[in-house]
Amino acid sequence: MEEQLKVLIIDDEESMRDSCSLILIKDGYLIDTAENGNEGLKKLEEWHPEFVLIDLKMPGIDGLEVLEKVKEFDSEIIPIVITGYATVESAVEAMKRGAYDFLPKPFTPEELRIIIKRGLERRNLIKEAESLRREKKLIEENFITMVTHQLRSPLVTIGQYFEVILGGIVGDVATKQKEMILKAKDRLEGLLELINDWLDIARLSNGQILEKRKSISIGEIVEKIVDFIRPQAEKAGISVKILPIKDSDKVLGDKESLEQVFSNLINNAIKYNKSNGSISITIEEQKNCIATSIKDTGIGIAKEHLPMIFDQFYQVSRTGQKGKGSGLGLSIAKKIVDLHNGSIDVESKEGVGSTFTVCLPKPEKT
Ligand code: ADP
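1. Focus on a nonpolar patch on the surface
- Where nonpolar side chains cluster on the molecular surface, the patch consists of I139, F143, I144, M146, L151, W198 and F313 and spans about 680 Å² of accessible area.
- Mapping L151 onto the fold places it in helix α5 (residues 109-166).
- Residue L151 is classed as partly exposed on the basis of its relative accessible area, which comes to 39%.

Structure follows, in structure tokens:
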């Protein structure tokens, strides 16, 4: 046998412990024994066996209770109960509570061997299924990242060719041609945005955010984004202001992904605003979190759409308005906020405006 598997025998009868040990040692297993439930549970934690043989009838904590504790400790351990003639019902009860099998006393060495062998086969099947599951997950994750990267690079190159043509570097471009290339460039940018969103989703599934969390200032993040998008807002005649921050604005978070959340919300507040509209941002310390609200005076969202706007690919259909994005921005924002153990909510009135509020946990006091 390549891997030496461990079997813990918990039985108050010394002769039973000794005979089972002798049979299984001969078959190459490592054995430890305990004469009662308490001692057995202690050894279980210290030694972490692959199999546990549990006598159902023992003084002190009984076999059923030991069985439950074994399942709680590690559901992959294979527990087998040993029962006397008079305890068939308890054997059934033990099976219901997760025992893999039972051995009625007295049993022959061959019967013990068969049961352990079957348990071993089951353990291998569980292990194999688990490793297949892990492999499938890895392929899925890498597949999305690989395909999107493969798509991204040629699209970026096409965009660069468009820039060269539009810049007149390779000759004059007629007005009609320019119009068409600009349209193509617009569609290309939309496609690249979608691919970037896919990559973000694949990255978020990897759950790296929790590891990278530290104390950061929301005010700084929001100011940086507002400085960056102000020219775009001004061009659309939209004013953006951050109200003075009174208390702490520190949260426990991953800077890069939170930048993405607020950048998405502020960009939406511009994108779905009216001309000459405004955006006001409030950062406030509350009892359990730091709440950041982004309030716009835009087109608002009708009540029937509100429950769905955080769903992937959901876009509010509005007459006369073409889809302006991928419909992934808010779902990514929600995913990031959820990974921070925070919350994101929206209040909105059609034709009046929307307020998106993000609550993020404060750093622990040291
Ligand atoms: P998109 O890429 O379409 O902007 P989002 O996930 O960011 O995707 O938003 C989903 C939908 O929610 C949008 O299509 C839009 O209709 C609506 N929405 C988001 N933010 C606002 C806002 N500030 N005002 C009005 N509608 C909004």
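Let us keep going from here.
2. Regarding the pairing of strand β9 (residues 278-285)
- In this sheet, β9 lies alongside strand β7 (residues 239-242) in parallel orientation, the contact comprising four bridges. Pairing of I242 across the sheet is with I281, part of β9.
- Two elements, β9 and strand β10 (residues 289-296), share seven bridges in a ladder whose sense is antiparallel. From the neighbouring strand, I281 faces β10, where its bridge partner is I294.

3. Side note on the pattern of salt bridges
- All chains considered together, the criterion is met by 21 salt bridges.
- The partner of E130 in a salt bridge is R133, with the nearest N and O atoms 2.7 Å apart. Here E130 pairs with R133, and both are found in helix α5, just three residues apart, close to one helical turn.
- A relative accessible area of 25% means that E130 is categorised as partly exposed.
- Looking at R133, the relative accessible area reads 53%, which means it is exposed.
- Where K185 meets E189, a salt bridge forms, and the shortest distance between an N and an O atom there is 3.6 Å. On the criterion of helical spacing, the pair formed by K185 and E189 is a turn pair, its members being four residues apart in helix α6 (residues 175-205).
- Among the charged side chains, a network of salt bridges with common partners joins E13, D55 and K105.

4. A few points about the packing of aromatic side chains
- Throughout the structure, instances matching the rule amount to two aromatic pairs.
- Centroid distance Y29 to F51: 6.3 Å. Interplanar angle 90°. Geometry classified as edge-to-face. Within this pair, whereas Y29 is found in the loop between α1 (14-26) and β2 (30-34), its partner F51 is found in strand β3 (residues 51-55), the two being separated by 22 residues in sequence.
- The exposure class of Y29 is buried, given its relative accessible area of 8%.
- A ring pair is formed by F310 and F356, whose centres lie 6.3 Å apart and whose planes are at 80°; its orientation type is edge-to-face. One end of the pair, F310, is in the loop between β10 and α10 (329-339); the other, F356, is in strand β12 (residues 353-361), with 46 residues separating them in the sequence.

5. Here's the deal with the sheet that holds strand β1 (residues 6-10)
- As summarised here, the arrangement of the five strands in space is β2-β1-β3-β4-β5, forming an open sheet in which the pairing is parallel. What marks the edges here is a single partner per strand, and that holds for β2 and β5 (101-104). Across the sheet, the mean angle from the axis of one strand to that of its neighbour is 20°, orientation sign disregarded.
- By the bridge criterion, five bridges tie β1 to β2 in an arrangement that is parallel.

6. Notes on the nonpolar core
- Counting 42 residues, the largest nonpolar core has L258, F262 and I309 as its most contacted members.
- Among the elements of the structure, α6, α8 (218-235), α9 (255-271), β9, β10, α10, β11 (343-349) and β12 are those that each provide at least two residues to this core.
- Among the nonpolar cores identified, the runner-up in size contains 20 residues, and I82, L103, L112 and L120 belong to it.

Cut-offs applied
Residues numbered from 1 in each chain as written. Predicted model: local features only at pLDDT ≥ 70, side-chain atom pairs only at ≥ 80, totals over all residues. Heavy atoms only, no water. Patch = residues over 30% accessible without salt bridge, like charges linked within 9 Å, V, L, I, M, F, W, Y side chains within 5 Å. Areas by Shrake-Rupley, 256 points an atom, 1.4 Å probe, with all protein chains shown as cover. Salt bridge = Lys/Arg side-chain N within 4 Å of Asp/Glu carboxyl O. Helix = DSSP H or I, 4+ residues; strand = E, 2+ residues; numbered from the N terminus. Buried < 20%, exposed > 50% of the residue type's maximum accessible area, 1.4 Å probe, protein only. Pairing = 2+ DSSP bridges. Phe/Tyr/Trp six-rings, centres within 6.5 Å; stacked < 30°, edge-to-face > 60°. Axes fitted to C-alpha atoms, helices over the stretch in contact; angles between N-to-C directions. Core = buried A, V, L, I, M, F, W, Y, C linked by side-chain atoms within 4.5 Å.

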